[in-house]
Amino acid sequence: MLQCIFILSDSGEVMLEKQLTSHPVDRSICDWFWGQVVSHGDSSKVLPVIASPTHYLFHVVRDGITFLACTQVEMPPLMAIEFLGRAADVLSNYLGGLSEDLIKDNFVIVYELLDEMIDSGFPLTTEYSILKEMIAPPNIVSKVLSVVTGNSSNVTSTFPGATASCVPWRTTELNYASNEVYVDLVEEMDATVNRDGVLVKCEVYGEVQVNSHLSGIPDLTLSFANPSILNDFRFHPCARFQPWESHQILSFVPPDGEFKLMSYRVKKLKSTPVYVKPQLTSDAGMCRVNVLVGIRHDPGKMIDSITVEFQLPRCVVSSDLTSNHGTMNILANQICSWSIGKIPKDKAPCLTGTLMLVEGMERLNVFPTFRVDFKIMGIALSGLKIDQLEVKNVANRPYKGFRAQTRAGQYEIRS
């Protein structure tokens, strides 16, 4: 049972507080938690479940916004983490993203959503398709009416249609002129390369995202050509577990609109699409930098939006860096950002220059870690392929669309 939920900005400010029981939690717990964030340097480095002197704390970070929950009683920690993740997803869908301004501008809707999603500390309704029938999403018309009428409530007086359905995440009255369903494979590649150029870790985190516009109560079956490569999978509540356990087939009645059907992880991949070869040599108070970027393994699709970033060490007082392709910028927080875009066929992008060290330091003693970003449309680098999507209980033949994309996650090269 959760006792309280706080929503914190990227500076640690409490933007919203929701007390869930008759035993209120003091806001000073947020100060203690933010002290842990500061000591670790980043909220993403703090463990998702930690124990304070008075409470157990659970937190999820999305787009710089921290969702923090507290309890003093024993409870399944995964339930708290899952609920906070669901709450973040619902708010992101409602508000069109997550930011400090969006949450403050739509404070009433955020509070109403939490009222419906959790009751007396226990999760209640977390399905977006049901919540949007209960609470109208924000728009210009509703904001004008609330100002004119003085009624700021967005809760509808009608009962959600999904409550009369055999599946609680889908209403029975859906009817489309043209039936369509789209399936996207969206993957992030995490990789670590040591200073000798050896691939230490390479794995892919992926999601199967579905956008369904089908009439009635359709029944879908999705199969993969190579499901045996998948690990650590998680499913939307609509997915039936028995067909997956027996035959690695996803059988489900989809919610209406966009939703995440499943997430997965593919481990121990052997190659990466992009290589970065940094060389740093220092003497006499100066460090010479040479960074070469190229394609290691051609995925068969264009690699786009390539960016290389690294943090300048504190002992660097000035820098003079140039590139033969793309643009090089040094940001206010001393991060060097090299935007490459697409790699040309006639030359390999190269970054060269010098770093001047503080007076009295002969050699660089702290070597930066290079972070790489890229995007590849039309392919899943894990090798996962969709074999077939079967749609039943739909009168007209539906249109089916399939896409795949891969982007860099925590892709790091040590120098």
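This text follows the structure it describes.
1. With respect to the environment of V49
Of note, V49 is situated in strand β3 (residues 49-51). We classify V49 as partly exposed; its relative accessible area is 34%. Considering only alpha carbons, one finds V49 and Y111, 62 residues apart in sequence, at a separation of 24 Å. Non-local contacts of V49, meaning those with residues more than four positions away in its chain, are made with L57, F58, P77 and I81.

2. As for the sheet that holds β3
Pairing is antiparallel in the open sheet, where 5 strands are placed in the order β2-β1-β5-β4-β3. On the outer flanks of this sheet lie β2 (14-19) and β3, each paired with one strand and no other. The average angle at which neighbouring strand axes cross in this sheet is 20 degrees, direction not considered. Pairing of β3 with strand β4 (residues 56-62), which is carried by 3 bridges, proceeds in the antiparallel orientation. Counterpart to I50 in the pairing with β4 is L57. Where helix α2 (residues 77-95) meets the sheet, its contacts fall on β1 (4-8), β3, β4 and β5 (65-71), and the angle it forms with β4 comes to roughly 30 degrees.

3. Concerning the nonpolar core
V208, L261 and F374 are the most contacted members of the largest nonpolar core, which totals 67 residues. In terms of residue count, the dominant contributor to this core is strand β8 (residues 180-193) (6 residues).

4. Details of the pairing of strand β15 (residues 274-283)
Of the pairings in the sheet, the one linking β15 to strand β16 (residues 286-295) comprises 10 bridges and is antiparallel in character. By the bridge assignment for β16, V276 is matched with V293. Hairpin connection of β15 to β16: 2 residues between the antiparallel strands, including A284 at a positive phi of 55 degrees.

The rules we used
- Residues numbered from 1 in each chain as written.
- Predicted model: local features only at pLDDT ≥ 70, side-chain atom pairs only at ≥ 80, totals over all residues.
- Heavy atoms only, no water.
- Helix = DSSP H or I, 4+ residues; strand = E, 2+ residues; numbered from the N terminus.
- Buried < 20%, exposed > 50% of the residue type's maximum accessible area, 1.4 Å probe, protein only.
- Contact = heavy atoms within 4.5 Å.
- Pairing = 2+ DSSP bridges.
- Axes fitted to C-alpha atoms, helices over the stretch in contact; angles between N-to-C directions.
- Core = buried A, V, L, I, M, F, W, Y, C linked by side-chain atoms within 4.5 Å.

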